[in-house]
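Geometric and topological summary
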Amino acid sequence: QVQLVESGGGLVQAGGSLRLSCAVSGSTFSRSTMGWYRQAPGKQREMVATISSADSSTYTDSVKDRFTISRDNAKNTVYLQMNSLKPEDTAVYYCNAQRTLFGAALYDYWGQGTQVTVSS
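Anyway, here's the lowdown on the structure attached to this text. (Residues numbered from 1 in each chain as written. Predicted model: local features only at pLDDT ≥ 70, side-chain atom pairs only at ≥ 80, totals over all residues. Heavy atoms only, no water.)

1. Things to note about the state of the cysteines
Under the criterion given, the structure shown has one disulfide. The side chain of Cys 22 participates in a disulfide bridge whose partner is Cys 95; the two sulfur atoms lie 2.1 Å from each other. Around the S-S axis, the bridge from Cys 22 to Cys 95 shows a dihedral of about -90 degrees and counts as left-handed. Residue Cys 22 is located in strand β3 (residues 18-24), and its partner Cys 95 is located in strand β9 (residues 91-101); the two are separated by 73 residues in the primary sequence. In this structure, Cys 22 and Cys 95 share a single accessibility class: buried. (Disulfide = S-S within 2.5 Å. Helix = DSSP H or I, 4+ residues; strand = E, 2+ residues; numbered from the N terminus. Buried < 20%, exposed > 50% of the residue type's maximum accessible area, 1.4 Å probe, protein only.)

2. What to know about the packing of aromatic side chains
Remark: the centre distance and the inter-plane angle together describe each pair of aromatic rings, the angle taken between the planes. In this structure the tally under the stated criterion is two aromatic pairs. Taken together, a centroid distance of 5.0 Å and an interplanar angle of 65 degrees make the contact between Tyr 37 and Trp 110 edge-to-face. One end of the pair, Tyr 37, is in strand β4 (residues 33-39); the other, Trp 110, is in strand β10 (residues 104-110), and 73 residues separate them in sequence. Look at Tyr 37 and you get buried, because its relative accessible area is 15%. Ring centres of Tyr 107 and Tyr 109 lie 5.3 Å apart, and the angle between their planes is 25 degrees; this geometry places the pair in the stacked category. Under the relative-accessibility criterion, Tyr 109 is labelled partly exposed at 30%. Here Arg 45 stacks its cationic end above the ring of Tyr 94, 3.9 Å away from the centre of that ring. The ring of Phe 29 has Arg 71 lying over it, and the distance from NZ or CZ to the ring centre is 4.6 Å. (Phe/Tyr/Trp six-rings, centres within 6.5 Å; stacked < 30°, edge-to-face > 60°. Lys NZ or Arg CZ within 6 Å of the ring centre and 35° of its normal.)

Next comes the structure, spelled out in structure tokens:
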């Protein structure tokens, strides 16, 4: 079975930085689209950033120019470098691995989440 384990969350001051890591078990990492999602209290879960198997990245507008998603296929790990953090970035951040084929999901795995708290 595929497991995703996030790490790197914590409490930081506004303007600070964190780097989240997501270690993925299994042999399908290199073919997966990886993503970071977040959910703040009382809010819907939202996509933060994704990176495809071809290293094509997308970001939600609120984190563009501040966050960078990357992947290391040799380590089966995806990262989210978060700079210039703002209090509104406070949320539980979840790692996601998914793959679709002609619109059908082959798999869609989630980690347990890691808390990011940004104080002002």
